Amino acid sequence: MKAYDIVIIGGGPAGLAAAISAKKAGIESILILERDQELGGILNQCIHNGFGLHIFQEELTGPEYADRYIRQVKALNIEYQLNTMVMEISRDKLVTVMNREEGLFQIQAKAVVLAMGCRERSRGALNIPGFRPAGIFSAGTAQRLVNREGYLPGREVVILGSGDIGLIMARRMTLEGAKVKVVAELMPYSGGLKRNIVQCLDDFGIPLKLSHTVVDIKGKKRLESVTLARVDEKGKPVLGTEEEYSCDTLLLSVGLIPENELSVSMGVEMDSVTSGPRVNESLETSIPGVFACGNVLHVHDLVDFVSEEAALAGKCAALHVLRKEDEGKLAEIFPEEKENIRLVAGEGIRYTVPAVINIGRMEEELKVRFRVGSVYKNAFITVYFDEEEVFRKKKLILAPGEMEEVELTKEKLEEFPRLSQIILRIEEK
């Protein structure tokens, strides 16, 4: 049986950043397991620019961003296996793996970093009536067909969902010569970044219909048309508002789901809102020595934040291994354990990452990331230590499509020795 200090599941942006961080923290025995034929994950098909503004202070395409991390992994001699599928992870971090060359085999890890990313929600989850003709794709599948395989899925396109991938594919299909007739969004607000709405829809004159959904699909062999209708506050179609659009292609950009089948099967405690693991300040799950980062933890809008988060997970996984090897060494890094403090998603906040922190284990500064539940204008992000307000920041606009963050400092937390919970709220006054 093979044995490694740290095994990282996934060779996308999160897995790469975690591996590099763990190596720099002093761990030599690291293995990245990737089921695809190359490292880089979803970035390899994201040929548009806009990546790297935070990490590298320059604008890169997805493959360029991935390449910078892949080069570092190779320069640091970090071991990786491609075309390798992880079948199961036990609670004692025994990883069952399969590939063509070695068949089924097992790897024993001292720490595991979950970095499996996320997948798209399919048509089957939407309950759209109609036949199942050719011409219906998820936006990510269409992106791969166009950008990597050189196929144009169709000529007349309707897009359901205004997530970032859907917005970017509206522009991409237009540039390839297709006619994008409309982008429909079930919610009364877009699920994508404001800059993508401007650059991908407004700049090309593509209409965005909020509070609309697909209520009918026509065509048996090939898609012929779709019918849109406005929806009420409960998401139910409003009779009499139907509009039919002739098209040969329907792209679905209706949400991303963290790939957590492995996490659930090994018994990791999950968050019902994010569909990802509940983690502490070290991005450690409920199973000691198992860490999570990137889109498997919660869906991000910027890959720079994925890399930043994964670097923390890799460093903390390294510290976990060092503790096993030398208890004294960890005592120098984290001199004392303290009581856990819960983070509470208050009014207007959907969730927080992390969900719990321990001052004794945290670094001097900790970023808490979260998403709001609705669109707010001229509202305040507030933070309460128990009942005492300690932070208030005004934002001109807050939207569910854009991740927000607040920074907690160890120095401030230590001023409240009996603190039991930290509450984040959105307040409009």
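The sections below set out a description of the structure shown in this document.

Cut-off values and rules
- Residues numbered from 1 in each chain as written.
- Predicted model: local features only at pLDDT ≥ 70, side-chain atom pairs only at ≥ 80, totals over all residues.
- Heavy atoms only, no water.
- Buried < 20%, exposed > 50% of the residue type's maximum accessible area, 1.4 Å probe, protein only.
- Helix = DSSP H or I, 4+ residues; strand = E, 2+ residues; numbered from the N terminus.
- Contact = heavy atoms within 4.5 Å.
- Patch = residues over 30% accessible without salt bridge, like charges linked within 9 Å, V, L, I, M, F, W, Y side chains within 5 Å.
- Areas by Shrake-Rupley, 256 points an atom, 1.4 Å probe, with all protein chains shown as cover.
- Salt bridge = Lys/Arg side-chain N within 4 Å of Asp/Glu carboxyl O.
- Lys, Arg positive; Asp, Glu negative; His and termini not counted.
- Charge placed at Lys NZ, Arg CZ, Asp CG, Glu CD.
- Right-handed = clockwise from strand over helix to strand, strands pointing away.
- Pairing = 2+ DSSP bridges.
- Axes fitted to C-alpha atoms, helices over the stretch in contact; angles between N-to-C directions.
- Expected span 1.5 Å × (residues − 1).

Overview of helix 3 (residues 139-147)
Then comes step 1: Of all nine residues making up helix 3, seven are buried, and the element is well covered by its neighbours.
Then comes step 2: When helix 3 is considered as a whole, its buried residues turn out to be Ala139, Gly140, Ala142, Gln143, Leu145, Val146 and Asn147.
Then comes step 3: Those residues of helix 3 that are buried lie in contact with strand 9 (118-120), strand 10 (136-138), helix 4 (164-175) and strand 17 (249-252).

Thoughts on unusual backbone geometry
Then comes step 1: The linkage connecting Val353 with the following residue, Pro354, adopts the cis geometry, with an omega of 5°.
Then comes step 2: Inspection of the secondary structure assignment puts Pro354 in the loop between strand 21 (349-353) and strand 22 (356-358).
Then comes step 3: Notably, Asn77 is not glycine yet its phi reads approximately 55°, a positive angle.
Then comes step 4: Of the residues examined, Asn77 reaches a relative accessible area of 65% and is grouped as exposed.

A word on a negative patch on the surface
Then comes step 1: Together, Glu364, Glu365, Glu407 and Glu411 make up a negatively charged patch on the protein surface.
Then comes step 2: With respect to the helices, strands and loops of the structure, Glu364 is situated in the loop between strand 22 and strand 23 (365-372).

Some remarks on the pairing of strand 11 (residues 156-160)
Then comes step 1: Taken across its five residues, strand 11 has four buried, putting it largely inside the fold.
Then comes step 2: In this fold, the crossover linking strand 11 to strand 12 (residues 179-185) by way of helix 4 has right-handed handedness.
Then comes step 3: Taken together, the four bridges between strand 11 and strand 17 define a ladder with parallel strand orientation. Residue pairing in the sheet places Val158 in a bridge with Leu250 of strand 17.

Some thoughts on the sheet that holds strand 24 (residues 376-385)
Where strands meet in a sheet, backbone hydrogen bonds hold them as pairs that are either parallel or antiparallel.
Then comes step 1: Pairing within the open sheet is mixed, and its five strands lie in the order 22-20-27-24-25. Both edges of this open sheet fall to strand 22 and strand 25 (388-398), since each of them pairs with a single strand only. The sheet shows a mean angle of 20° between the axes of neighbouring strands, taken without regard to direction.
Then comes step 2: As paired strands, strand 20 (residues 340-345) and strand 22 are joined by three bridges and run antiparallel to one another. Its bridge partner lying in strand 22, Arg342 is registered against Val356.

Observations concerning helix 1 (residues 13-24)
Then comes step 1: End to end, helix 1 covers 17 Å across twelve residues, agreeing with the expected 16 Å (1.5 Å per residue, within 8%).
Then comes step 2: The complete set of buried residues in helix 1 reads Pro13, Ala14, Gly15, Leu16, Ala17, Ala18, Ala19, Ile20, Ser21, Ala22 and Lys23.
Then comes step 3: Trailing helix 1 by a residue or two, Gly26 shows a phi angle of about 110°, which is positive.

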